[in-house]
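Summary of structural features
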Amino acid sequence: MTIATPLKDASQERQKAMIAEHFHKLAVAHETGRKAVYTFVPGNLTELLLTFDLLPVLPEINALQSGMRQKSGDYVQKAEKMGHSEDVCAYVKCDIGMLHSGNIGPTGERLPSPDLLLLSYTGCFTFLKWFELLKEEYKAPVAMLHVPYQSEGRITPTMRDYVVKQLKEVIIPALERISGKKYDEEKLRHHLALSAKAEDDLVHVLETAKRRPSPIDAYFGAVYYVGPIFSSFRGTTDAVEYYQLLRAEIDERVARGEGPVTPDGAMGPERYRLVVEGPPNWTSFRELWKMFYLEGAVVVASTYTKVGGVYDDGFRHDPSRPLESLADYCLGCYTNRNLRARSDMLIKYVKDYDADGFLVHSIKSCDSFSAGQLLILNQVEKATGRPGGFFESDLVDPRYFSAANIKNRVESYLQMIEQRRAAGAVR
Amino acid sequence: METPVNAAAGDPTESLRTALVERADALYRDVDFNCIREWKLQNGGAKAVGFLPIYAPREIIHAAGMLPVGVLGGGDAVEIVKGDACFQSYICHLPRSVVELGLNGALDCLDGMIFPSTCDVIRNLSGMWQILFPNCYVKYLDMPQNYQNHIGGEFFERELSLLIDDLEKLGGERATPQRLRHSIALYNENRRLVEELYKLRIHAPWTVPSSELYLIVRAGMLLPVEEHNKLCKQYIDAVRASARRPMDMARVVLRGCFCEQPPLDLIKTLERSGCYIVDDDWMIVSRWIDGDVSTEGDPLANLVQAFLQRSPACPSLYLQKGKKGDALVEATRDARAEGVIFSAPSFCDPALLDQPMTLAAVKNAQIPCTSFLFAENTGQFQTIREQAGTFADAIKLS
């Protein structure tokens, strides 16, 4: 298969510059009088932090960046030598190992210690323990936001009221104390309006994968697309402009009838359309992606790209109801939904994106995602008649990525689709 | 060192005690939940509602005229045939055996299941139950992580009110304030009796072997509270009359077993290795509230208040005040223990993520400690016995 020369899109360059600028702001935060607030991707309250001119730091993003830079293995083992169990989340151990190795961020600059740990407890139990650990490490205050789980597959008024009340009486006062600024709801509305614009464009981009060929890879490629909106940029003009740029680029690809861009350039002909459930592996991210694109397999929809917010079901941050909207955002994050809702989402993706099948990537570190995934697989197979596949590795612990085993699984899975096609079961 | 068995042969108190422990042991081994089926038959088809570790408002279930049933997994007695097919490689054992019990029909006698917000595994298990057992009432109980009355308290009271409505719809009685007060009083008595048992063990652990205490307390996961209170009282009387003699063993606190339960043989192994377990966190629901829940005024509000203010320091709950591990250090001192054994199930996020913090606190307090992992179906104990024996010897020789 011939792979074309890799291209750097303008959106990629823009994102790189945004990230570099943000990490530089963090590096000089305490010199410039800025305060750093550590928080998590699911249920992040970036607009609220921006309202107080606070700088978000997302330890999950730092951990995955460490994974991609091949530094996480050492960090994880460092944490294990300090007494952290082999059995627990590698993100946590990577973060703690990084902290004890100088806390150097992905751009090579040192990260500031947190002025506040904003524990938005959304969809993941480990978050709670993670910030209890960081509280001990940094001696920093914690502001706890308990986001109830959507166990019945819907947001109830009780849940929303509970979150809003915590925002008003716990989170906002904590942010006021740290920043020394009064809460300004008009400013929050402004940021929420910017969020909604970026969300519109992100959804447009993700939904282009319904086309044949798909102009994007909605898993390996889309983790870059969701980067700004999942991290420190939701609610900024930077994010709005980034997503406008990205949308224009993808629309051009659609107009030209092109498939996705991969690290090796444009992908060859689209042979398999897949839906993927679960986060990627970060230590061998490109190797894993290559197993797919060399076979002509494109991911047309994924659930991982919804962990920082589900927007393709119509939700938008709404400046007319700012705190309620933030509550709904937190409550609606993917891993805060019950298994039936997650299965239904996957079933819809398989149908709407006309996928040939779906794959579950089970992550050792992440019970929130992984516990019950095989039952989800069973449900999706039953409802769609499309074959499901399953493979395991980890987020940032390289010891759990077995390339030969995974390649064998992916290839066998694609062969199964081929055989079913031949038998007429799959188009 | 073997477990001391030095009672006088033919001693009627010892005979009674043996009978009580044998009854509790039979319940422990009743992995088909036949005792629940019998209870339902004897009670005109009344309903039974299961709950997973670590907490359930058993008072509400009881006040609805139903039997609260602790579902603590299959231990080492249930072969996993179907349960593995639902789970990935890296996960604790409890959900595998609970699903196995569900799929093999053992839990058919339960009309509902309550899944508390212990961790992501039990949370997701609630969704699995909704899919696998659509005819079973499923309640995910979100325990508040905000402990202010008008925030977390209000949320939790609404959650519990919904549970009351749901149980009535399921075919139970309405848990009226009057009925709830009565149930609270029974569970207050139950907690007092369990606490008394724990105090007796602290005072004279040779009279209350932990392998017995475990079985007696665990019986409360299946028996109606009225019967369990009677069992506890009889056992306590037997303990008080005991003539057993102390042995030269190390006094230790055991932590980490609050959800997936250790096999009984693991507890016996620790005792045989020379450890008197003088405090533990098994079946933490039995000791959840420190002290009584008030039976005056609004009983639901009282339950909520008790939860907010007097829940134990538990890895599944956010620690708002104080320092991690302080509660363990205090418990160790209260129990006059000489060491701490961290014994967590493999892949137990709450226990294992907590452990570096609590272990540091214990070390800072200069309390000796050791740690190992187990699974509910662990069958080989030689390594643990050697480790615990060495630990106990080190304590005794220091």
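Bear in mind the structure is a predicted one, so any value in this text is a computation, not a measurement. (Residues numbered from 1 in each chain as written. Chains lettered and ligands numbered in written order. Predicted model: local features only at pLDDT ≥ 70, side-chain atom pairs only at ≥ 80, totals over all residues. Heavy atoms only, no water.)

Some thoughts on the packing of helix H5 (residues 90-99) of chain A against helix H6 (residues 126-138) of chain A
All names here are of chain A.
- Where H5 meets H6, the closest approach of the two axes is 10 Å, and the angle between their N-to-C directions is 15°. With respect to each other, H5 and H6 are oriented roughly parallel. As H5 packs across H6, the resulting crossing turns out to be right-handed. Contacts between H5 and H6 pair Tyr91, Val92, Asp95, Ile96 and Leu99 from the former with Thr126, Trp130, Leu133, Leu134, Glu137 and Tyr138 from the latter.
- For the contact of H5 with H6, the residue count by class is 8 nonpolar, 1 polar and 2 charged. (Axes fitted to C-alpha atoms, helices over the stretch in contact; angles between N-to-C directions. Helix = DSSP H or I, 4+ residues; strand = E, 2+ residues; numbered from the N terminus. Parallel < 35°, antiparallel > 145°, perpendicular 65-115°, else oblique. Left-handed = near helix turned anticlockwise from the far one by under 90°. Contact = heavy atoms within 4.5 Å. Nonpolar A, V, L, I, M, F, W, Y, C, P; charged D, E, K, R; others polar.)

Describing the environment of Ile289 of chain B
All names here are of chain B.
- Residue placement: Ile289 occurs in the loop between strand E6 (275-279) and helix H11 (299-310).
- Separated by 96 residues in sequence, Ile289 and Leu193 have C-alpha atoms that sit 13 Å apart.
- Among residues more than four places away in sequence, those in contact with Ile289 are Arg191, Ala306, Phe307 and Arg310.

Considerations on the interface of chain A and chain B
- Taken together, the 51 residues of chain A in the interface contact 52 residues of chain B.
- Interface area for chain A against chain B, summed over the two sides, is near 4,600 Å², with a carbon-plus-sulfur share of 58%.
- Three residues, Asp87, Phe125 and Asp367 of chain A, lead the burial of chain A against chain B; their summed loss comes to 14% of the area buried on that side.
- Between the two partners, chain A and chain B, sit 23 residue pairs in polar contact (both at pLDDT 80 or more).
- Elements that contribute at least two residues to the side of chain A that touches chain B include exactly strand E3 (116-121), H6, strand E4 (142-146), helix H7 (157-179), helix H14 (339-352), helix H15 (367-370), helix H16 (373-384) and strand E10 (388-393) of chain A. (Buried area = accessible area lost by both parts, 1.4 Å probe. Polar contact = N/O pair within 3.5 Å; in protein donor to acceptor, adjacent residues only side chain to side chain.)

Considering the domain arrangement of chain A
All names here are of chain A.
- Split into domains, chain A comes out as domain 1 (10-185) and domain 2 (187-422).
- One C-alpha centre belongs to domain 1, the other to domain 2; they are set 22 Å apart.
- Each partner contributes to the interface: domain 1 provides 61 residues, whereas domain 2 provides 57 residues.
- Across the domain 1/domain 2 interface, buried area totals approximately 4,900 Å², and carbon plus sulfur atoms make up 59% of it.
- Area buried by domain 1 at its contact with domain 2 is led by Met18, Glu47 and Glu185, which between them contribute 14% of it.
- Counting the contacts that link domain 1 with domain 2 gives 7 salt bridges.
- Lys187 is paired through a salt bridge with Asp53; the nearest N and O atoms lie 3.2 Å apart.
- For the pair domain 1 and domain 2, the number of links is 37 residue pairs in polar contact (both at pLDDT 80 or more).
- When contributions to the side of domain 1 that touches domain 2 are tallied by element, the ones reaching two or more residues are helix H1 (10-27), helix H2 (46-51), helix H3 (59-68), helix H4 (72-81), H5 and H7. (Domains from an automatic or database assignment. Salt bridge = Lys/Arg side-chain N within 4 Å of Asp/Glu carboxyl O.)

Some words on the pairing of E4 of chain A
Residue and element names in this part refer to chain A.
- Of all 5 residues that make up E4, 5 are buried, and the element is covered over most of its length.
- A two-sided burial pattern is seen for E4, the buried positions comprising Val142, Met144 and His146 on one face and Ala143 and Leu145 on the other.
- Two elements, E3 and E4, share 5 bridges in a ladder whose sense is parallel. Bridge pairing in E4 links Ser120 to Leu145. (Buried < 20%, exposed > 50% of the residue type's maximum accessible area, 1.4 Å probe, protein only. Pairing = 2+ DSSP bridges.)

Some thoughts on helix H13 (residues 349-364) of chain B
Residue and element names in this part refer to chain B.
- Helix length check: H13 (16 residues) gives 23 Å between terminal C-alpha atoms against 22 Å at 1.5 Å per residue, within 8%.
- Taken as a whole, H13 carries its principal kink of about 45° at Gln355; the proline Pro356 stands between one and four residues after it.
- For H13, a buried count of 13 out of 16 residues is recorded, marking the element as mostly surrounded by other parts of the structure. (Expected span 1.5 Å × (residues − 1). Bend = angle between axes of the 7 residues up to and from the residue.)

Regarding empty space enclosed by the protein
All names here are of chain B.
- Scanning the model with the defined rule gives 10 cavities of 30 Å³ or more in all.
- As a volume, the largest cavity reaches approximately 250 Å³.
- Along the wall of the largest cavity there are 24 residues; nearest its centre are Leu27, Tyr28, Val31, Gly73 and Arg218.
- With 4 residues, helix H8 (residues 210-219) is the single largest residue contributor to the lining of the largest cavity.
- When the residues that make up the lining of the largest cavity are grouped by side-chain class, the tally is 14 nonpolar, 5 polar and 5 charged. (1 Å grid on protein atoms, 1.4 Å probe; cavity = no way out; pocket = protein on both sides within 12 Å on 5 of 7 lines; lining within 4 Å. Points joined across faces, edges and corners; volume = space filled by probe spheres on them.)

A closer look at the state of the cysteines
- Overall, the coordinates contain 0 disulfides over all chains when judged by the stated rule.
- You can see Cys94 of chain A has no disulfide; the closest cysteine sulfur is in Cys89 of chain A, sitting 9.5 Å from it.
- Its sulfur unpaired, Cys314 of chain B is 9.2 Å from the next cysteine sulfur, which belongs to Cys259 of chain B. (Disulfide = S-S within 2.5 Å.)

As for the confidence of the model for chain A
- In the predicted model, chain A carries a mean pLDDT of 95, and the fraction of residues at 70 or more is 98%.
- For the stretch residues 1-6 of chain A, pLDDT sits under 50, and the model shows 13 contacts to residues farther than four places along the chain or on other chains. (pLDDT = per-residue confidence, 0-100.)

Digging into the sheet that holds strand E2 (residues 67-70) of chain B
All names here are of chain B.
- Read across the sheet, 4 strands follow the order E2-E1-E3-E4 without closing on themselves; strand pairing throughout is parallel. Strand pairing shows two members of the sheet lacking a second neighbour, E2 and strand E4 (137-141), which therefore form its edges. Pairs of neighbouring strands in the sheet enclose a mean axial angle of 25°, with direction left out of account.
- In this sheet, E4 lies alongside strand E3 (residues 112-116) in parallel orientation, the contact comprising 5 bridges. Across the sheet, the residue bridging to Ile114 is Lys139, located in E4.
- Packing of helix H6 (residues 149-169) onto the sheet brings it into contact with strand E1 (48-51), E3 and E4, and relative to E4 it is tilted by some 170°.

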